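Architecture and fold: a report
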Amino acid sequence: MKAFNYQRDIMIRDHLLGRGIRDQEVIKTMRDVPREAFVDERMREKAYGDHPLPIAEGQTISQPYIVAYMTEALELNHTDRVLEIGTGSGYAAAVLSRIVKMVYSVERLGGLAEAARQRLELLSYTNVVIHEGDGTLGWPEHAPYDAIVVTAGAPKVPQPLCEQLAIGGRLVIPVGRSYDLQELVRVRRVSEHDYRHEELCGVRFVPLIGAAGW
Ligand code: SAM
């Protein structure tokens with residue numbers, strides 16, 4: 001929507017480019033996806049602010065910079081099939097869907113999953129499928145994935161997600177012993193049994209709740 005062009009430009013210039021996001025595909029996509037359509041009517045004016053915002057059921061839509069940072073860290077290609085754990089509003093799934101071939105997204109809360117499904121359909125994001133369930137177990141039917149992103153904080157990297165990563169695939173996930181403070185970790189599957197871990201930066205996410213989570 002034209003009314004948000006100015007706020008979107010500030011987000012791109014100050015919060016993304018200004019903080020070191022360099023992937024042109026990520027920048028272009030975040031200029032295109034209407035973030036205001038993923039938040040409540042009364043939150044729309046704040047949609048491009050440099051912070052997360054509350055959505056339904058006590059959950060959040062992540063800060064734009066964090067969405068950009070995690071998307072960049074996934075090192076995506078146009079042919080990739082991506083698994084997202086934590087659909088929330090559907091915003092990050094929409095961003096991912098503009099860069100890759102197919103996005104599979106899992107949300108544990110049925111109300112959020114259904115609202116995101118309707119929103120993405122209305123906005124014509126046709127290469128995203130949403131499943132209601134425990135994402136700590138991944139979504140084995142569509143594995144292996146070229147990239148997996150987890151948008152909630154886990155106590156440790158869930159084993160099922162490592163197993164569902166293709167060789168050469170990247171998993172980006174907030175991991176921490178505390179319920180609401182984590183380190184963003186990138187796990188790269190380099191061979192059948194060999195995974196490389198890198199710590200990227202400190203983050204703060206809502207908890208990943210499930211069999212292989214909290
Ligand atoms: N990616 C979202 C967006 O763009 O709006 C933000 C996600 S929000 C920070 C984290 C989400 O993870 C919440 O919607 C929460 O319900 C979900 N979640 C927590 N544990 C989960 C699990 N085990 N499986 C799937 N989703 C989970």
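This text follows the structure it describes.
So, here's what we can say about the structure.

Cut-offs and rules
Residues numbered from 1 in each chain as written. Predicted model: local features only at pLDDT ≥ 70, side-chain atom pairs only at ≥ 80, totals over all residues. Heavy atoms only, no water. Near = heavy atom within 4 Å. Polar contact = N/O pair within 3.5 Å; in protein donor to acceptor, adjacent residues only side chain to side chain. Areas by Shrake-Rupley, 256 points an atom, 1.4 Å probe, with all protein chains shown as cover. Helix = DSSP H or I, 4+ residues; strand = E, 2+ residues; numbered from the N terminus. Nonpolar A, V, L, I, M, F, W, Y, C, P; charged D, E, K, R; others polar. Salt bridge = Lys/Arg side-chain N within 4 Å of Asp/Glu carboxyl O. Buried < 20%, exposed > 50% of the residue type's maximum accessible area, 1.4 Å probe, protein only. Pairing = 2+ DSSP bridges. Axes fitted to C-alpha atoms, helices over the stretch in contact; angles between N-to-C directions. Contact = heavy atoms within 4.5 Å. Phe/Tyr/Trp six-rings, centres within 6.5 Å; stacked < 30°, edge-to-face > 60°. Parallel < 35°, antiparallel > 145°, perpendicular 65-115°, else oblique. Left-handed = near helix turned anticlockwise from the far one by under 90°. Patch = residues over 30% accessible without salt bridge, like charges linked within 9 Å, V, L, I, M, F, W, Y side chains within 5 Å.

1. What to know about the site of the ligand
Around the ligand, 28 residues are found, and the nearest of them are G86, S89, E107, G135 and I209. Between the ligand and the protein, one listed contact pairs a nitrogen atom with a side-chain N or O atom of E84 at 3.0 Å. Within the side chain of D134, an N or O atom sits 3.0 Å from a nitrogen atom of the ligand. For the ligand, the accessible surface in isolation is 600 Å², of which the surrounding protein chains cover 99%. Mapped onto the shell around the ligand, the elements with two or more residues apiece are β2 (60–61), β3 (81–85), α4 (91–97) and β4 (102–107). Looking at the shell around the ligand residue by residue, the class counts come to 12 nonpolar, 12 polar and four charged.

2. Topic: the pattern of salt bridges
Counting across every chain of the model gives 16 salt bridges. Among the ionic pairs, D80 bridges to R170, the shortest N-O distance being 3.0 Å. Taken as a pair, D80 in the loop between α3 (64–73) and β3 and R170 in strand β7 (residues 165–178) lie far apart in primary sequence, 90 residues in all. Owing to a relative accessible area of 7%, R170 belongs among the buried residues under this scheme.

3. Quick word on the sheet that holds strand β9 (residues 195–203)
The mixed open sheet is built from seven strands, whose spatial order is β5-β4-β3-β6-β7-β8-β9. The two strands at the open ends of the sheet, each matched to only one other strand, are β5 (128–132) and β9. Mean inter-strand twist for the sheet, computed between neighbouring axes without regard to direction, equals 20°. Of the pairings in the sheet, the one linking β3 to strand β6 (residues 145–150) comprises four bridges and is parallel in character. Paired with I85 across the two strands is V150, which belongs to β6. Of the strands in this sheet, β6, β7, β8 (181–189) and β9 touch α3, which is tilted by about 165° from β9.

4. Some points on the pairing of β7
Of all 14 residues that make up β7, 10 are buried, and the element is covered over most of its length. Sheet analysis places β6 next to β7, joined by four bridges and oriented parallel. Across the sheet, residue V149 finds its bridge partner in β7, namely V172. Relative to β8, β7 is paired through seven bridges, and the arrangement is antiparallel. By the bridge assignment for β8, R170 is matched with R188.

5. Quick notes on the packing of aromatic side chains
Here the structure, examined in full by the defined rule, presents six aromatic pairs. Pairing F38 with Y91 gives two aromatic rings, centres 5.6 Å apart and planes at 70°, and the pair type is edge-to-face. In this pair, F38 is assigned in the loop between α2 (24–32) and β1 (53–54) and Y91 in helix α4, connecting sequence segments 53 residues apart. Y91 matches F38 in its accessibility class, with the two residues each being buried. Here a set of aromatic residues connected by ring pairs shows up, and it is made of Y104, W139 and Y145.

6. Comments concerning the packing of helix α1 (residues 5–16) against α3
For any two helices packed against each other, one specifies the crossing angle of their axes together with the interaxial distance. Across the interface, α1 lies against α3 with an axial gap of 10 Å and an inter-helix angle of 65°. Compared by their axis directions, α1 and α3 come out roughly perpendicular. Here α1 runs over α3; the crossing is right-handed. Judged by residue contacts, M11, H15 and L16 of α1 engage P64, Y65 and A68 from α3.

7. Re a nonpolar patch on the surface
A cluster of nonpolar side chains, namely Y179, I209 and W214, defines an oily patch on the protein surface of about 280 Å² accessible area. Within the secondary structure, Y179 is located in the loop between β7 and β8. What makes Y179 partly exposed here is its relative accessible area of 47%.

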